[in-house]
Each structure stands twice: as C-alpha cells, then as structure tokens.
Amino acid sequence: MQAAQKVPCVRIDKNGQRMDCEVDPVNLVPGDILFLEAGNRIPADVRILYCTDGMEVDNSALTGESMPEPRHTKTEPLSCSPTEARNLAFFGTTVLKGNATCVVHATGDSTFLGKIAQGIKSSRVKSTLEYQIEHFIHIIAVVAIVVGLLSLAANLMSPVKRSAAEVLQNSAAALFAQVPEGLLPTVTISLMIASEQMAKKMVLVRKIDAVETLGCVSVFCSDKTGTLTKGEMTVQDLAVPLPGGPAEGMAVHNREPGSLIFSNKLAQVLSDIALCGILNNGAECKMEDGKEVYSGSPTEVAILNACTQVHGGNSQVRNSKAKPEFDKIFEIPFNSENKWMLTVHGQPSRGRCFSILKGAPDRVLKFCTVSKDGAAMAKIEATMADLMAQARRVLCIAKRDLTGSDIPDGAKFEGTVPSDCNFPMGNFEFVGLYGIEDPPKEGVATAVVKAQKAGVKVVMVTGDHPDTARAIATRINILHGSEDAESDQLQGAEEFSVITGTMLESRVPKADNFTDEEPDELVTWWKKATQHTRVFARVSPIHKQVIVQAYQKYGYGGIGDVCAMTGDGVNDAPALKQANVGVAM
C-alpha cells in the first residue's frame, strides 16, 4: 500500500520556478527533490541534502544487518562503498527515525535493489545430477550406436538372406534396446523419497535435484545475521565495579550457559545497573495475547530485556516504575552529536532527584568522577577492550544524585547539550557497562564442526564489521575451528583469513561471471582466497554472488567447488541463485 502512495516532491518547471507536487514513485526521475519522514519507505536511491539530527534507516533488506543505521549530510570519501555511505539512502529501505530532504540519483533497475534483481536474472546453474545424467546418456548413446552398427554388420554378413526391412528392424531393435527407459522414473522417484525425508527434518525442497547436489557440496557459504546468529541484539555481559570501586577491578557477569538468562543470585550485585537500565530506556514492554512484546530500538530492547530479568520480571519492573521516587521528569533523547541519553527521575517537591546517563563509553566516562582516577580508568578500559575483542558493542551507564541547588527553580529542567543544561552535568558515579551482541544460534558451532569433519569447508559471508565477523566466526569454529591440515594452511595465510568488500571492489569480473580470459594476477588472488579465506566481511549482495562464482571457478585447487549458500534476506538472493544449492532460511 505504501509503495503506491504518492511522494511529496519538488521540481522546476520550464520557467525555472519551483513546483511543489506529489508524484507516484514509478514516475520519479533523477534530480527530483523528496521529503521523507519516519515510517516512509524510500521510493528511490537518494542523496541526503538535509536531515534531522539522529536520523536512522533500516537497511536490513540490503545488508541483512538488523541494527538501525544513522544518516547525515556530510560528504563521504571516495574509498567508501555506497552501502557504507551514510549520506545515501536506498530504494526499498525504511526511515525509522527523523526526516530528510533528499535528491533522487537512481531509479528502477539503476537502484541498488534493482542491481540485485538483475543479478537474479542470470542463467540457472546446472546441478551435479544433470552433469552426471548427461555424461551417462552420452555413454549410453555411444554404446547404442555401436551395438546398432554391429547388428547391421552382422545382419548384412549373415548367411541367412534378409530383406532390407528385416535388417533395419533388427538393427533398430538392437539400438533402442540399449536405451534405459526406466532411468527417468527411477531417478525421479528416488529424489521424491529423499525430498519427503527432508520434509520430516523441516526442510522444503523446491527443486528435487538439489537433494543429490547437497551430498556433493564441498563449500558451504553462509550469511551471518539471522542465519548463523539469532538476528536480534542481546545483552550478553553486565560489568560492574567490585565492592571496593572501579580501581579494585571490574566483575563481568554473563548469562548462564544452559538457560541463557542472568542468574537470580546476581540480583543484589547487579541491582543498580539493572534499575538504571530500566529507568533510562526508550523501549517498552506490553502484553499482547498473553505474550510479552517489546517495542523500540534493538539496543534499547536488549538492555530492557536483560535488566528486567535481573530485576525480577515485568511485574516487578512495573511496580518499581510506579513508585513516585522513580517518576521520569525530564529526558534528553539519544542523538548522534551527544552519543548519550539522559533521564532525570525523582520528586522535586521533596528536593530529591537523580539523573542517569547512558551512551558511548568515551562520552559518558568524561562526565564521571572515575575519569580523574588513572587506576580506575585503566581497569574500566581493560574490561571494555576485552568485551570489544569478543565482538560486543559496549555501552556505559552512570548516575548522579541531585539535591538542593542542583534542582532548577520550579523543577523546570532544560537543555539538549551539556553546555546549555540548567543542572549539573558532572561528577556522575560510574555504574557499569553493557556488553551487547547478536549471539550465535544454539547448535551452530557443533554443526560447523560436523561439516568440517565431513570435508565441507564452511565460509561466513556477511555485511557486518570485520572485527565482529572474526569474533563470531572464531566462536562457532569457522576460524581456527578445525584441527586438520587445512587449519595449518590457514595459519600460514593470515592476510586471507578475513577479506573485506573494499578488497573485492577491484577484483570482480568485468562480465557477469569469471571467464578463462581473466588476468593471471586476478586468477592467482582468487585461488589463494578460495583456499584460505573463511570470512568475507562488509560485502554487498553483488559481492556475495561473485564470491560464490569464485569458489565455483577457482576452488578445489582450480577444478571448482560445488557450492551451497544459505541466507535469509533480499541481499542474499543473487548468491542463492548462483550457488549449486541455495538454502533460504
């Protein structure tokens, strides 16, 4: 419905005058000026001319990543790929927050999504069963022709004189007798039985010959977000200072391995960080059809969910938020300039309030008293470095009591940045750190090991950050997860362990696929990449298709791999179509 809605647009008429109009998305042309607001689906590829602070878009349809992406108007360097440029927005994506004025620069098949659609139009890759049957038929044809000719010769040389019709009949009978009439139904029925067995394992087979090809796969390429991982942000770690303060060290508490929840035994230790995370939060939890449904940004939902578990459940959270001393009386929402969110709670009439500050650690810590304590900062920074090495996104939270003169007259709190706030923005007490990630699905690490033991090379192909991809790949045994000779080869080729989309830009084929006329340098590079690489990060949908093509052309020592691809989004469609076996999640 929204795709059919007209878009507010500005054009220049033939007299050079501004003309405000509403245009159907199909009638947009490059140069049109559009106005977009939160909730709008973007009708073309656009360059942002103006946007409100903190504007965010959902690019999951293109990148497969669930995190909202901020947008601004600053010019990006030439080395920045279009999908990473934050001054561009793409057709098919959605504005989550803010509004913008944009100029259209591509429509139809010229858009990024249109190029993905063009990639799907490539010819279908033959299955291994087709090659085998084709080879078998050629052998049968040769045998049949030879038998037919021998029969003809035997009939002509026979002492028993036969008519031309009898000779032709005998020769034809000998030839056609070699044709395996039962081959087609036998193969079809066998594949149908296999498809039925796959259905019992919750797998729907669209093309029955893919069942046989699946058994020949030598390389398994997989998207990360939503395929290897859950596709939702989750707080994995809560880091709080030891009883003696941050200078004594930090205690990092994780979810219990079996239940994947925070233990009730930690309620007392984590009470402050849980309460602050609940009060300083833009997400909400509502009951719909007897189920808890969270709404809000993925990061805020993750923090609220974890803090609710520690605090004792949603009923306890509602009771706490209903207390007068926790009433929210002021808020500065998160924005890209501050990189923090502030809330003020309490009862100004009684002279008792407190503020909570949550955001990027480097921005929040400078308002905290620990910033003047070198020993404490060293402990906090060491904990942050350890969390980030595990692909965690780290947020910091702090609080401060406001009493007496700290509270503005009439309790009218004002301000949007530290310099214009009419209440103290310093001497905050450091509360703790949140370690957030999109965690791997249960059983993925075991499945990867099983595939490797079966001789299948498992490769991660993702649009996510290289450090995040490397950390997740290590945890699920894709990197350094095998103890065979192949792992030793990988150790000797560290420069190929993780390849980024920027490295691929100059190494894509000029045609739709790799040919025998490719430069020797390109062929050598791809042969090394297909041999050693286990992680491709920051890649576009077209890059994913090229990676599959490279394995099919240069993998397995130059012979070519039989490649399977798994994915769960539009961005995976070209690679799914290109692969010998496409597995849509």
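Notes on the structure in this doc start here.

Calculation rules
Residues numbered from 1 in each chain as written. Predicted model: local features only at pLDDT ≥ 70, side-chain atom pairs only at ≥ 80, totals over all residues. Heavy atoms only, no water. Helix = DSSP H or I, 4+ residues; strand = E, 2+ residues; numbered from the N terminus. Rg over C-alpha atoms; globule rule 2.2 N^0.38 Å. Buried < 20%, exposed > 50% of the residue type's maximum accessible area, 1.4 Å probe, protein only. Contact = heavy atoms within 4.5 Å. Areas by Shrake-Rupley, 256 points an atom, 1.4 Å probe, with all protein chains shown as cover. Lys, Arg positive; Asp, Glu negative; His and termini not counted. Charge placed at Lys NZ, Arg CZ, Asp CG, Glu CD. Core = buried A, V, L, I, M, F, W, Y, C linked by side-chain atoms within 4.5 Å. Pairing = 2+ DSSP bridges. Salt bridge = Lys/Arg side-chain N within 4 Å of Asp/Glu carboxyl O. Polar contact = N/O pair within 3.5 Å; in protein donor to acceptor, adjacent residues only side chain to side chain.

**Looking at the overall build of the protein**
And step 1. Scanning the protein for helices and strands turns up 18 helices and 24 strands.
And step 2. At 31 Å, the protein has a C-alpha radius of gyration far larger than the 25 Å of a compact globule built from 585 residues.
And step 3. Taken over 585 residues, the protein has a buried fraction of 45%.
And step 4. Restricting to contacts in the protein with at least 6 residues of sequence separation, those with at least 24 account for 67%.
And step 5. As displayed, the protein has an accessible area near 29900 Å², and 55% of this comes from carbon and sulfur atoms.
And step 6. A distance of 2 Å separates the average location of the 58 positive side-chain charges in the protein from that of its 68 negative side-chain charges.

**Some points on the nonpolar core**
And step 1. The biggest cluster of nonpolar side chains holds 31 residues, and the ones touching the most others in it are Leu342, Met425 and Leu433.
And step 2. Those elements giving two or more residues to this core turn out to be β15 (328-332), β16 (340-347), β17 (352-359), α11 (374-389), β18 (393-403) and β19 (429-437).
And step 3. Ranked by the residues each element gives to this core, the list is headed by α11, at five residues.
And step 4. If we ignore the near neighbours within four places in the chain, the residues touching leucine 433 are Asp237, Leu238, Ala239, Met250, Ile273, Ile380, Thr383, Met384, Val394, Leu395 and Cys396.
And step 5. Grouped together as the second largest cluster of nonpolar side chains are 30 residues, Val301, Leu304, Val431 and Ile436 included.

**Looking at the pairing of strand β12 (residues 245-254)**
And step 1. In terms of strand pairing, strand β11 (residues 234-242) meets β12 through six bridges, oriented antiparallel. Counterpart to alanine 239 in the pairing with β12 is valine 252.

**Focus: the side chain of arginine 255**
And step 1. Its location among the elements puts arginine 255 in the loop between β12 and α7 (271-279).
And step 2. For the buried arginine 255, no salt bridge is present, and the opposite-charge side chain at shortest range is glutamate 437, 8.1 Å distant.
And step 3. At a separation of 2.7 Å, a polar atom in the side chain of arginine 255 contacts the main-chain carbonyl oxygen of valine 235.
And step 4. Polar contacts involving the side chain of arginine 255 include one to the side chain of glutamine 309, which spans 3.3 Å.

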